[in-house]
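Analysis of the macromolecular model
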Amino acid sequence: MPLRGRGRGLPDWTREVKYPTILSPKQQEWSVLLEFKKTDGSDNRIPPFSIASTNVYTVPEGYRLLLKGAMCSMTGEHDMPLNAWCKIWLVITTPGFLGDRYFIRSDALTFVPSQEIKEGHSLYVYLHNKSSEYASATVNLIGVLESTRG
Amino acid sequence: MKCNVRLSIDGELAHEEEKEVTLFKSEKEAWKDMTEKVSGGA
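Summary of the structure given here. The structure displayed is predicted, hence computed values, not measured ones.

Looking now at the environment of Gly 11 of chain B. Residues and elements named next belong to chain B. By the secondary structure assignment, Gly 11 is in the loop between β1 (2–9) and β2 (12–20). Judged by the 9 C-beta atoms lying within 10 Å of it, Gly 11 falls in the exposed class. Along the backbone, Gly 11 and Thr 22 are eleven residues apart, and their C-alpha atoms lie at a distance of 29 Å.

Rendered as structure tokens:
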């Protein structure tokens, strides 16, 4: 096992540890964080009884995205978890509609096996605020971006 | 209305932007929009 110098104020050497990875050289960790919130300059919270939709990502040419999971949460006007049923749709342009899930406050979804999104296709999120309050929301999507070229 | 989108690749922030948000008042309207996206491709 090789030894590596650590620099000033640190031990003279330490063992260099290489952690294993489950990704192949053609793959990269991919994640997107989506935020709907109120800031000093703008109010991007989702209005009561409304549905907010946006394009999250379009897979670039020469790649495919393997979607592994999603986490979503919604909070109310007093920065407390939204105590109402909300809903999320995850939509892929091809093969089509991916998921429709009700949740209260927060939820985590896992895709086993991974959901493939081919090059040139897009992922959309629709968030349904079914409460009478303005809702702040975050959605975190995780996956693996894989090159399809040799 | 907009939302903030942060893309990370291999744990590093790769891209950040504000994206346009479409608001719907009913699930019927949203469903129509969704089916158009699905049938129309990207």
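So that's the structure; there's more coming.
Each side of the interface is counted separately: chain B has 26 residues, and chain A has 32 residues. Looking at the side of chain B that touches chain A, the elements with two or more residues in it are β1, β2, β3 (22–24) and α1 (27–40) of chain B. Residue contributions to the side of chain B that touches chain A peak at eight residues, all from β1 of chain B. When the residues that make up the side of chain B that touches chain A are grouped by side-chain class, the tally is twelve nonpolar, five polar and nine charged. When strand β3 (residues 27–36) of chain A meets β1 of chain B, the two strands line up antiparallel, connected through six bridges.

Next up on the list: the nonpolar core. Counting residues in hydrophobic clusters, the biggest one holds 36 residues, and the most contacted among them are Leu 90, Val 91, Val 125, Tyr 126, Leu 127, Ala 137 and Val 139 of chain A. Contributing elements (two or more residues each) for this core: β3, β4 (50–58), β5 (63–75), β6 (85–92), β9 (122–129) and β10 (136–147) of chain A together with β1 and α1 of chain B. Here this core gets six residues from one element, more than from any other, and that element is β6 of chain A. Ignoring anything within four residues of it in the chain, the contact list for Leu 90 of chain A reads Ala 70, Leu 98, Gly 99, Leu 123 and Val 125 of chain A.

Take the sheet that holds β3 of chain A next. Ordered in space as β8(A)-β5(A)-β10(A)-β3(A)-β1(B)-β2(B), the six strands form an open sheet in which the pairing is antiparallel. Two strands close off the open sheet at either side, each with one partner strand: β8 (106–117) of chain A together with β2 of chain B. The average angle at which neighbouring strand axes cross in this sheet is 15 degrees, direction not considered.

What counts, and at which threshold
Residues numbered from 1 in each chain as written. Chains lettered and ligands numbered in written order. Predicted model: local features only at pLDDT ≥ 70, side-chain atom pairs only at ≥ 80, totals over all residues. Helix = DSSP H or I, 4+ residues; strand = E, 2+ residues; numbered from the N terminus. Buried ≥ 20, exposed ≤ 12 C-beta atoms within 10 Å, placed from the backbone. Contact = placed C-beta atoms within 7 Å. Nonpolar A, V, L, I, M, F, W, Y, C, P; charged D, E, K, R; others polar. Pairing = 2+ DSSP bridges. Core = buried A, V, L, I, M, F, W, Y, C linked by C-beta atoms within 7 Å. Axes fitted to C-alpha atoms, helices over the stretch in contact; angles between N-to-C directions.

Honestly, it's all geometry; don't read function into it.
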